[in-house]
Amino acid sequence: MTKKINKREKVEELVEIFSKHYPEPGTALEHNSSFELLIATILSAQTTDVQVNKVTKELFKEYNTPKAVLKLSQKELEEKINSIGLYRNKTKYILKTCRMLIDDFGGEVPSTRKELLKLAGVGRKTANVVLANAFYKAAFPVDTHVFRVSERLGLSSGKNVNQTEKELTKLIPKKYWIDFHHWLIDHGRAICKAQNPDCENCFASHICRYYQNN
DNA sequence: AACTCGGGGCA
DNA sequence: TGCCCAGAGTT
């Protein structure tokens, strides 16, 4: 069975469905400050939030400011985070970013997209995570899962990532941003996979554009 | 536009 | 055991 509803109604229904099936997103990056969120998000590239939390739980006990992190050599920092992938690049980015925070931003995490993008290891997605979660600004983070799942569901046009960011930022009510982001990612991993999506076991297929067209 | 980093997840 | 990836930088 399929229903004809507009996008906003679809969002409301998805909130109902997702909150029931993914009651505890549980995959959020644990942090106690905008700085910790920034570092955790840089670490999260091509990795799960669960893996990142394992590493940052210990790291942030002592090293939760740019100044503190800069006490570590790259090798020392590598030893603390080398249980996740891409750690050589990530340690390099983090140390450079900490240096920039002190030299160029008064030791604080900047709150504009333009400034955040200057930091090492901070791209479109990381910048939006910080803007939305630390500064409550209009910026819906879009990664590969969010891009694919929202396009399939019919929430976004799927033209490109920049367009999808704009569309979801406008479409999804702000109070749902954090949860919705994680729901789309979890759903993209478990059900709405890039290859061979498991539509038979999908609880949103009745309002899914992709399912209706296939 | 293609290549690289990398341990973990999953078939 | 091999394939892919919850991004970003470099060439």
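Provided above is the structure to which this section pertains.
Since this is a predicted model, take the numbers as computed values, not measurements.

**Student:** Mind laying out the overall build of chain A, listing which residues take part and the relevant values?
**Tutor:** Secondary structure assignment for chain A yields 12 helices and zero strands. Along chain A, from the amino end to the carboxyl end, the secondary structure elements read α-α-α-α-α-α-α-α-α-α-α-α. A compact globule built from 214 residues would reach a C-alpha radius of gyration of about 17 Å, and chain A, at 18 Å, matches this within 12%. For chain A, the spread of C-alpha atoms along the principal axes amounts to about 60 × 30 × 25 Å. The buried share of chain A, taken over its 214 residues, is 48%. Here the analysis covers contacts within chain A between residues at least 6 apart in sequence; of these, 61% occur between residues at least 24 apart. For chain A, the computed accessible surface area is about 11600 Å², with 48% contributed by carbon and sulfur atoms. Each charge class in chain A can be summarised by its mean position, and for the 34 positive and 25 negative side chains these summaries are 5 Å apart.

**Student:** I'd like a description of the pattern of salt bridges, backed by residues and values.
**Tutor:** For the structure shown, the criterion picks out five salt bridges. Across the pair Arg-113 and Glu-165 runs a salt bridge whose closest N-O atoms are separated by 3.7 Å. Note that Arg-113 is positioned in helix H7 (residues 113-116) and Glu-165 in helix H10 (residues 161-171), a separation of 52 residues in sequence. Three or more residues are tied together by salt bridges with common partners; here these are Arg-113, Arg-124 and Glu-165.

**Student:** If you had to explain the packing of aromatic side chains to someone new, which residues and values would you point to?
**Tutor:** This model, assessed by the stated rule, comprises seven aromatic pairs. Measuring from ring centre to ring centre gives 6.0 Å for Phe-180 and Trp-183, while their planes differ by 65°; the resulting arrangement is edge-to-face. Taken together, the positions of Phe-180 and Trp-183, both in helix H11 (residues 177-190) and three residues apart, correspond to about one turn of that helix. Taken together through their ring pairs, the aromatic side chains of Phe-18, Tyr-22, Phe-180, Trp-183 and Phe-203 make up a single cluster. A cation over a ring is seen here: Arg-152 above Tyr-210, with NZ or CZ 4.7 Å from the ring centre.

**Student:** Break down the protein's contact with DNA strand B for me, citing the residues and quoting the values.
**Tutor:** All residues adjacent to DNA strand B are Gln-46, Thr-47, Gln-51, Asn-82, Ser-83, Ile-84, Gly-85, Leu-86, Tyr-87, Arg-88 and Asn-89. Here, DNA strand B places atoms within 4 Å of the protein, and 64% of those atoms are sugar or phosphate. With respect to DNA strand B, the backbone of Leu-86 contributes an N or O atom lying 2.9 Å from a sugar or linking oxygen. A distance of 3.2 Å separates a phosphate oxygen of DNA strand B from a polar backbone atom of Asn-89. In terms of residue count, the dominant contributor to the surface near DNA strand B is helix H6 (residues 87-104) (three residues).

**Student:** Break down unusual backbone geometry for me, with residues and values.
**Tutor:** Of note in this structure, Leu-86 is not a glycine but carries a positive phi near 60°. Tracing the backbone shows Leu-86 in the loop between helix H5 (74-81) and H6. Backbone geometry places Tyr-136, a non-glycine residue, at a positive phi of 55°. Summarising the element assignment, Tyr-136 is placed in the loop between helix H8 (124-134) and helix H9 (144-153). On the basis of relative accessibility, which here comes to 58%, the residue Tyr-136 falls in the exposed class.

**Student:** A description of the side chain of Glu-36 should follow, citing residues and the corresponding values.
**Tutor:** Mapped onto the secondary structure, Glu-36 falls in helix H2 (residues 34-43). Lys-61 provides the closest opposite charge to the buried, salt-bridge-free Glu-36, at an N-O distance of 12 Å.

**Student:** Residue-level account of the packing of H2 against H8, with values.
**Tutor:** It is the contact of H2 with H8, at a shortest axis distance of 10 Å, that shows an interaxial angle of 150°. When the interaxial angle is binned, H2 and H8 end up roughly antiparallel. Read as a crossing pair, H2 and H8 show a hand that is right-handed. The residues of H8 that touch H2, namely those facing Ser-34, Leu-37, Leu-38, Thr-41 and Ile-42, are Thr-126, Val-129, Val-130, Asn-133 and Ala-134.

Rules used in this analysis
Residues numbered from 1 in each chain as written. Chains lettered and ligands numbered in written order. Predicted model: local features only at pLDDT ≥ 70, side-chain atom pairs only at ≥ 80, totals over all residues. Heavy atoms only, no water. Helix = DSSP H or I, 4+ residues; strand = E, 2+ residues; numbered from the N terminus. Rg over C-alpha atoms; globule rule 2.2 N^0.38 Å. Buried < 20%, exposed > 50% of the residue type's maximum accessible area, 1.4 Å probe, protein only. Contact = heavy atoms within 4.5 Å. Areas by Shrake-Rupley, 256 points an atom, 1.4 Å probe, with all protein chains shown as cover. Lys, Arg positive; Asp, Glu negative; His and termini not counted. Charge placed at Lys NZ, Arg CZ, Asp CG, Glu CD. Salt bridge = Lys/Arg side-chain N within 4 Å of Asp/Glu carboxyl O. Phe/Tyr/Trp six-rings, centres within 6.5 Å; stacked < 30°, edge-to-face > 60°. Lys NZ or Arg CZ within 6 Å of the ring centre and 35° of its normal. Near = heavy atom within 4 Å. Polar contact = N/O pair within 3.5 Å; in protein donor to acceptor, adjacent residues only side chain to side chain. Axes fitted to C-alpha atoms, helices over the stretch in contact; angles between N-to-C directions. Parallel < 35°, antiparallel > 145°, perpendicular 65-115°, else oblique. Left-handed = near helix turned anticlockwise from the far one by under 90°.

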